[in-house]
Amino acid sequence: MVKISGRRMIIILLIVIAAAYIFLVPGERLVLPSSPKPTGSWDATGYENGGSVMISSPAREGVSGVGYWEQTIPTPIEAGSTVTLSYAWKKDHVGGVPTQQDVYAAIVKPNGVIVDIDNQLGEPLVDNEWYVVSDKDVSDFFDNTGTYKIRLRFAYVAADSEGAQAFAWFDEVRLVSADATVLTASFLSDNENWSFETVAGWIKAVQAVDANFLDIHRTKLDWAIQVIALTHDTLMTFDENMNYIPLLAESWEVDPDGLFIDFYLRKDVKFHSGDPFNADAVVYTIRRCKEDLSVHADSVKNVLDAEKLDDYTVRIHLKKWDRWLYDWFATTSSSIISPRYVKEYGLAYGISKFDGTGPFKVQEWKRDDRLILVRNDDYTWGPELYQNRGPALLDGIFIEIIPTDISREHKFRTGEANMMIGFSPRTALIDELRGDPNVEVIVNPRSSMSYVGFNVASLSDEIEQGLESGRPIPSGHRTSPVNDDPEGKGLLVRKALLYATNREEILEHAWQNMGKVAYGPLTSLMWGYDQAVENMYPYDPEMARSLLAQAGYAGGLDLTILTTNYEPYTRTAVLLKEQWEEVGVDLEISVLVFDDIEATIGAANHDLWIGGYTWHNADMLWWYWHTVRVPPSSNRFWWGDAYSDELIDNTFVVDDNVALKAIQDCQRRVMEDAAYLPIVERPFLLAHKVWVEGFRIHPLGNFIWKHLDTYVEE
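A brief report on the enclosed structure follows. Just so we're clear, the structure is a prediction, and the values are computed from it rather than from any experiment.

Reading across from one edge, β17-β18-β19-β10-β20-β28-β21 is the order of the seven strands in this open sheet, with mixed pairing throughout. In this open sheet, the two strands that pair with only one neighbour each are β17 (360-366) and β21 (439-444). For this sheet the average axis-to-axis angle between neighbouring strands, irrespective of direction, equals 20°. The strands touched by helix α6 (residues 427-434) are β20 (419-421), β21 and β28 (684-689); relative to β21, the strand with the most contacts, the crossing angle is about 130°.

Going from Gly390 to Pro391, the amide bond is cis rather than trans, its omega being -5°. With respect to the helices, strands and loops of the structure, Pro391 is situated in the loop between β18 (370-375) and β19 (396-401). Phi angles above zero are rare outside glycine, and Asp368 is one such case at about 65°. The residue Asp368 is located in the loop between β17 and β18 in this model. Owing to a relative accessible area of 28%, Asp368 belongs among the partly exposed residues under this scheme. For Trp638, which is not glycine, the phi torsion reads 55° and is therefore positive. Along the polypeptide, Trp638 turns up in the loop between α12 (620-625) and α13 (642-649).

Inspection of the entire model under this criterion finds 36 salt bridges. Across the salt bridge formed by Glu542 and Arg545, the nearest N and O atoms sit 3.3 Å from each other. Note that Glu542 and Arg545 are positioned in helix α9 (residues 541-550) at a spacing of three residues, about one turn of the helix. Since its relative accessible area comes to 34%, Arg545 is described here as partly exposed. In the salt-bridge network here, residues are joined through shared partners; they are Glu364, Lys366, Asp369 and Arg370.

Take the layout of surface pockets next. In this structure, the second largest pocket occupies an estimated 380 Å³ of space. Contributing to the lining of the second largest pocket are 16 residues, with Met242, Asp327, Trp527, His616 and Asn617 lying nearest its centre. Among the elements that line the lining of the second largest pocket, the one with the most residues is helix α3 (residues 323-328), at four residues. Grouping the amino acids of the lining of the second largest pocket by side-chain chemistry returns 11 nonpolar, three polar and two charged.

On to the sheet that holds strand β14 (residues 260-265), then. Strand order in the open sheet formed by four strands is β13-β14-β16-β15, with antiparallel pairing between adjacent strands. The sheet is open, and its two edges are formed by β13 (249-254) and β15 (303-310), each paired on a single side. Here the strands of the sheet are splayed against their neighbours by 20° on average, with no regard to which way each runs. For β15 and strand β16 (residues 313-318), the ladder comprises six bridges, and the chain directions are antiparallel.

Parameters and conventions
- Residues numbered from 1 in each chain as written.
- Predicted model: local features only at pLDDT ≥ 70, side-chain atom pairs only at ≥ 80, totals over all residues.
- Heavy atoms only, no water.
- Pairing = 2+ DSSP bridges.
- Helix = DSSP H or I, 4+ residues; strand = E, 2+ residues; numbered from the N terminus.
- Axes fitted to C-alpha atoms, helices over the stretch in contact; angles between N-to-C directions.
- Contact = heavy atoms within 4.5 Å.
- Buried < 20%, exposed > 50% of the residue type's maximum accessible area, 1.4 Å probe, protein only.
- Salt bridge = Lys/Arg side-chain N within 4 Å of Asp/Glu carboxyl O.
- 1 Å grid on protein atoms, 1.4 Å probe; cavity = no way out; pocket = protein on both sides within 12 Å on 5 of 7 lines; lining within 4 Å.
- Points joined across faces, edges and corners; volume = space filled by probe spheres on them.
- Nonpolar A, V, L, I, M, F, W, Y, C, P; charged D, E, K, R; others polar.

The structure is reproduced here in structure tokens:
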């Protein structure tokens, strides 16, 4: 756990998740050996060849420290080669502030002589800002033929503090040798029988996070779902106006009493393996989804069974009508899977074995490195959403996983990638990209929320506040000032925090005005959104101070907020700390990996956390707020009661008026109880080179987009 305190000068010790690279030929990535490890600290989690170089320089016996990292350049360099150096670095510290710092890039020559080829000396620069050295000619230093090493070193001197410790991150270390053209590297594939045949026909994308599984019943991760949308199909889908349109089903009929849905299937569809798509595949998919192992089992909780009426007709039997189930059949989480492949390969399906009916097939997947999809030449059943119904115009899609912003942006700037998916909303970057005539930036509104969650778990079995029953009560959880309690102090604290939050400032400085202020549990794009929630908690520090005093915290209050190191989240945490200090709240920021946050929330051993969701309909009220969904499930707020559960249950009914009233009443109920703090409705960000043509973003984000109309101009 990383503890953060102090105003403005807040130390954010980022989880080191990026890859360190040495380049000898422009555009060719050389795989570095996994050893030797650097002197200092090294986070290799999830990466074959380690992570970014982070040099740790503790001064346990004095007030200065030094650390270095060294790596052999994999291929010999000839004397006289033209060599340029570029790299980025930043530093941070705990304990005594460095009064002087020395950042070195050095080489170790074949004869063992160490020579500094670049150094940054003197007064410390600003913490946590990247400084870039670009294309510095260092040819004179490579005056011997043979194998060289590159060494990065960070040294510092601190004021009188025996606890001083400083860190330096080096990223995107590049040595480019124009003369060493014979050097090549296997960048695209380990499969000798496959290569880029038509480079112009490929999307070459970079993104920060890889999929976890390509089996829809084992993942809810957005990054996985966007790939599954390319490799699999659903029975129906949405057009750009969010109307239902056919895909694998030619048509469907709904029983007037809402007891079943009949789907009439296409007869011309095959899986990538050549297996036929038919009623057996649909029945198998629905039944597998109903099993406990499926992460989407709750989506089909009102399905009794799926029945094969004939080879191309399926009847879905329902316990009762479920308006959100009908939506589900149009979303990627209902993707139809291959019965034979799943049965034959078991748990390997979705990891090393793949089969679907989508316009692209998995050619290669090297986890946390690259994913290669190639065109399915047999695909001709694309939905009417596209002018081209198939096959795809692209030869394929190559996705490289690069965790660090600076490395992804470099690939995109240099043209090694022609698409950058889901990047951090930084004003300088957006302005730069929009100023490039060869780049198009897509800032697409979508139904996605960033929020601060409160631990609303109850402190008692019964709460005398007109509730029909008490809140969910986790065993053994620690007491938090935001918990519910019989005196209502937790409610006062939660309301005070809402009044103390300037969401417009957070939108501007954490999200660079990309998106819009959020006010309730639903986004403004969802059917049933209630505008009444927008007037409930205006920014009012004086009201916040009054409520805290009523709760018994006139002298101040200490809280801790959990966040991942996603940049807009850490900025949000910093701004909340500053805003809440004005009303007497001392906010401690703890930066954790997502799994640790989930575990802490699951035990209710927390005060607040920063999270987010992407959802397109009011079904999320059941997933996020119903008491049956408390941890280990998705109601991370530990919120709910019998009355609220009844409201949420009524959102499923057939009658639109009844459902709409329940949806709106539930939104007000959540916000009247100050159960969480909505921050921003966040957009989907994507940049692509202008020669990537025909590409559009769907209102749901890019998670059902199939790239059927997309092509790359030669």
